[in-house]
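# Descriptive structure summary
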Amino acid sequence: MSEAREPSSGAPTTERVRGIFSRIAPRYDAFNLVSSFGLDRLWRRTTVRMAGLTPESDVLDLAAGTGDLTLAIARHGRPASVMSTDFVEEMLEVGKRKAARYDGPTRISFAHADAQALPFPDASFDVVTIAFGVRNLPDRAANFREVRRVLRPGGRYVILEFSTPQCALFRAVYHAYLGRVIPALGALIAGDRASFEYLNASIRAFPKQAELARELEAAGFSRVRWRNLTGGIVAVHVAEV
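Structure report, in brief.

## Some points on the packing of aromatic side chains
The final tally for this structure, using the stated rule, is 8 aromatic pairs. Measuring from centroid to centroid gives 5.4 Å for Phe120 and Phe125, while their planes differ by 85°, and the two rings are edge-to-face. When sorted by exposure, Phe120 lands in the same class as Phe125, which is buried. Put simply, the rings of Trp43, Phe132 and Phe162 touch in pairs and so form one group of aromatic residues.

Set out below in structure tokens:
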């Protein structure tokens with residue numbers, strides 16, 4: 001009988017992802033702000049603009065974590081509603097506290113949900129979003145199937161995710177930053193170096209922009225396009241049904 005293999009350093013598993021994000025939830029926002037030099041806020045605003053929201057849109061935000069994209073959608077996109085979901089309760093609780101201070105026209109609600117097996121009826125949403133969450137899904141294909149199922153005809157899946165810088169020199173500097181600085185910041189801010197070593201490895205292992213686009217097309221999405229931000233450190237993919 002062969003022995004069970006340990007997952008590779010950057011491979012997401014349900015237990016690994018839940019454990020990491022339940023531990024770092026209280027300090028996750030502080031880490032994001034410092035490690036991205038505040039650029040994460042600009043990335044989310046661009047994502048909202050690319051989502052093409054209207055006052056009638058119903059939005060599902062997957063792997064919403066502490067609610068930063070959910071709140072950016074409500075404040076800058078102003079759709080009719082946004083359902084904020086995550087499968088890590090500790091992250092959702094932070095998001096709920098932040099959303100309690102929101103005062104605007106968008107209805108914000110919360111649900112505990114696995115992005116690979118969504119508890120929503122078919123054709124329930126106009127737009128589905130996910131920020132820095134696809135990378136942490138053990139089964140992206142299952143997520144893509146579920147998103148297509150819950151989107152209404154003509155709906156869009158908008159993915160904000162770390163990606164691959166195009167310039168070789170910039171890419172080398174960025175990868176050095178990921179490998180050395182990110183774990184050190186994780187230890188300093190969140191007291192958890194190991195979790196951020198995983199996050200570094202997961203970014204390095206994630207498909208490049210064109211590869212992710214091909215995965216989305218293979219899953220049945222159409223008009224797949226992407227926009228690089230900050231030299232390709234992150235990319236926003238938009239895919240339609």
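Next comes the rest of the description.
## Quick look at the nonpolar core
Counting 40 residues, the largest nonpolar core has Phe21, Trp43, Phe162 and Val234 as the members making the most contacts within it. When residues of this core are assigned to their parent elements, the largest contribution, 6 residues, is made by helix α7 (residues 168–190). Those residues in contact with Trp43 that lie beyond four places of it in its chain are Ser36, Phe132, Leu160, Phe162, Leu229, Thr230, Ile233 and Val234. Met83, Ala111, Val150 and Leu151 belong to the second largest nonpolar core, which has 25 residues in total.

## Focus on the layout of surface pockets
The computed volume of the largest pocket comes to approximately 430 Å³. Lining the largest pocket are 23 residues, with Ser35, Ser36, Phe162, Tyr177 and Ile182 sitting closest to its centre. Of all the secondary-structure elements, those providing two or more residues to the lining of the largest pocket are α2 (28–35), α3 (39–50), α7 and α8 (193–205). Per-element tally for the lining of the largest pocket: the top contributor is α7, with 6 residues. Among the residues making up the lining of the largest pocket, the classes are represented as 17 nonpolar, 4 polar and 2 charged. In this model, the second largest pocket occupies a volume close to 360 Å³. Taken together, 14 residues form the lining of the second largest pocket, with Arg41, Arg44, Asp68, Arg75 and Lys98 sitting closest to its centre. In terms of residues, the lining of the second largest pocket owes the most to one element, helix α4 (residues 68–77), which gives 5 residues. Here the residues of the lining of the second largest pocket sort into 3 nonpolar, 2 polar and 9 charged.

What counts, and where the lines are drawn
- Residues numbered from 1 in each chain as written.
- Predicted model: local features only at pLDDT ≥ 70, side-chain atom pairs only at ≥ 80, totals over all residues.
- Heavy atoms only, no water.
- Phe/Tyr/Trp six-rings, centres within 6.5 Å; stacked < 30°, edge-to-face > 60°.
- Buried < 20%, exposed > 50% of the residue type's maximum accessible area, 1.4 Å probe, protein only.
- Core = buried A, V, L, I, M, F, W, Y, C linked by side-chain atoms within 4.5 Å.
- Helix = DSSP H or I, 4+ residues; strand = E, 2+ residues; numbered from the N terminus.
- Contact = heavy atoms within 4.5 Å.
- 1 Å grid on protein atoms, 1.4 Å probe; cavity = no way out; pocket = protein on both sides within 12 Å on 5 of 7 lines; lining within 4 Å.
- Points joined across faces, edges and corners; volume = space filled by probe spheres on them.
- Nonpolar A, V, L, I, M, F, W, Y, C, P; charged D, E, K, R; others polar.

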